[in-house]
Amino acid sequence: MSLQKIFIITGLVIIIAVSAIMLYLSSQKKETVSQEPTQNGESAVPASLPSKGESSGSQGNVEKARKIFENTTLETISEKTKIDGSKEVDFKDQKGNPIPLSDFEDALGVEIYPKLQEYLNNGYQVFYCPGADGKKEFGVYLEYNQEKVYNGFTSDVLNMMQGWENAIFPNLHAVLFPGIDFREDSLNQKIEFRGGKYRYADVNLPGGRKSSVQYDAVESGIIIAASPACLDNVHQYYEPAMPSQP
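Within each chain, residue numbers correspond to sequence positions counted from 1 in written order. The model is predicted, so local features are restricted to residues of pLDDT at least 70 and side-chain atom pairs to those at 80 or more, both for listing and for counting; the totals for chains, interfaces and linings are taken over all residues. Each side-chain value is worked out from all heavy atoms of the structure, with water and hydrogens disregarded.

**Q** Can you break down the state of the cysteines residue by residue, with the values?
**A** Any two cysteine sulfur atoms lying within 2.5 Å of each other are counted as a disulfide. Per the counting criterion, the structure on display carries one disulfide. Across a sulfur-sulfur distance of 2.0 Å, Cys-129 and Cys-230 are joined as a disulfide pair. One quick way to see it: the torsion about the S-S bond of Cys-129 and Cys-230 is about 75°, and its sign makes the bridge right-handed. Placement of the pair is Cys-129 in strand β2 (residues 120–130) and Cys-230 in helix α9 (residues 228–238), with a sequence separation of 101 residues. Numbering goes from the N terminus for both helices and strands, where a helix is a DSSP run of H or I of at least four residues and a strand is a run of E of at least two.

In structure tokens:
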């Protein structure tokens, strides 16, 4: 065999060998890449974000708040409550700590006006008063964050509340009128607030019954009730009269 033929054959062998090695390495790289997600326990599908309240660790608070309110609606009006004119209910978790306002909203399906919420803290209560027919008249108290308010804030918040008036009833109906099954057209009824002793609006309930929504701003917070008599009863509780000067 001539020297020239030897060089040609040797070159072809080298080219074939290099090509085979490169092809093998390429296939191994693809296999490694495709297996990495499985080895790391990851998936190519993005994980879905948890729904509101699901991963906040507050589901226990939501259930607790819901139970407290349910028990409040079902309990018998005590003689003490009849004498006092109202009963105020705190919302606390199993350890006795206040349940955050956001969990209270989730529990009852209510919504606080965002502009007002900027000036609130987690201080709130549900209250009820014995009604003339022996039934309970409900309301809710929302406490200001005192670090965010200032002298004269009561007048400002009354102006702010007027921006909420169109939605107060649908936003708070579950608290103010528990146990009543409102249809969508009832919740969307047009109500008009007027000035009086308190800001108030008449509300039509299912079955042709009449009620109202009343609210007032006091030095410490907002009181919202389903009757003027009940708001009268709790007014002294949330804003005690100053003793007269001698």
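**Q** So what's going on with the nonpolar core? Residues and values would help.
**A** In this structure, Phe-91, Leu-116 and Ile-224 are the most contacted members of the largest nonpolar core, which totals 49 residues. For this core, the element with the most residues is helix α7 (residues 165–176), which contributes five residues. Any two residues having at least one pair of non-hydrogen atoms within 4.5 Å are treated as being in contact. Leaving out residues up to four positions away in the same chain, Ile-224 has contacts with Phe-127, Gly-139, Val-140, Met-161, Trp-164, Ile-168, Leu-172, Leu-176, Val-213, Gln-214 and Tyr-215. Only buried residues count toward a nonpolar core, which is a set of Ala, Val, Leu, Ile, Met, Phe, Trp, Tyr and Cys residues joined through side-chain atoms within 4.5 Å. When accessible area is computed with a 1.4 Å probe and restricted to protein chains, residues below 20% of their type maximum are described as buried, those above 50% as exposed, and intermediate ones as partly exposed. Formed by 11 residues, the second largest nonpolar core is a distinct cluster that contains Tyr-141, Val-218, Cys-230 and Val-234.

**Q** I'd like a rundown of the pattern of salt bridges, residues and numbers included.
**A** Salt bridge, as applied in this entry: a Lys or Arg side-chain nitrogen positioned within 4 Å of an Asp or Glu carboxyl oxygen. For the structure shown, the criterion picks out eight salt bridges. Here Asp-202 ties to Arg-194 by a salt bridge, and the two come within 3.9 Å at their closest N and O atoms. When its relative accessible area of 48% is taken as the criterion, Asp-202 is described as partly exposed.

**Q** If you had to explain the confidence of the model for the protein to someone new, which residues and values would you point to?
**A** pLDDT expresses how confident the predictor is about each individual residue, on a scale running from 0 to 100. Put simply, the protein has an average pLDDT of 80, and 74% of its residues get 70 or more. Considering each helix and strand of the protein separately, the mean pLDDT is smallest for helix α1 (residues 3–39), with a value of 50, and largest for strand β1 (residues 87–89), with 97. Residue range residues 29–57 is modelled with pLDDT below 50. Its contacts to residues more than four positions away, or to other chains, number five contacts.

**Q** Give a detailed account of the pairing of strand β5 (residues 210–217), specifying residues and quantitative values.
**A** Counting buried positions along β5 gives seven out of eight residues, so the element sits mostly inside the fold. Two strands make a pair as long as DSSP finds a minimum of two bridges between them. Where strand β4 (residues 199–204) lies against β5, six bridges are found, and the strand directions are antiparallel. Across the sheet, the residue bridging to Tyr-200 is Gln-214, located in β5. Here β4 folds back onto β5, and the loop between the two strands holds five residues, one of which, Gly-207, carries a positive phi near 85°. In this structure, β5 lies alongside strand β6 (residues 221–225), joined through four bridges in antiparallel fashion. Note that in β6 the partner of Tyr-215 across the bridge is Ile-224. From the end of β5 to the start of β6, which pair antiparallel, there are three residues.

**Q** Account for the sheet that holds strand β3 (residues 136–144), naming residues and giving values.
**A** The antiparallel open sheet is built from six strands, whose spatial order is β1-β2-β3-β6-β5-β4. Two strands close off the open sheet at either side, each with one partner strand: β1 and β4. On average, each strand axis in the sheet is tilted by 20° relative to the strand beside it, whichever way the strands run. Across five bridges, β3 lies against β6 in antiparallel orientation. Note that in β6 the partner of Gly-139 across the bridge is Ala-225. Only the stretch in contact is used when a helix axis is fitted, and all axes are lines through C-alpha atoms; the angle between N-to-C directions ranges over 0 to 180 degrees. Along the sheet, α7 makes contact with β2, β3, β4, β5 and β6, crossing β3 at roughly 115°. On the sheet, α9 packs against β1, β2, β3, β5 and β6 and is oriented at approximately 130° with respect to β2.

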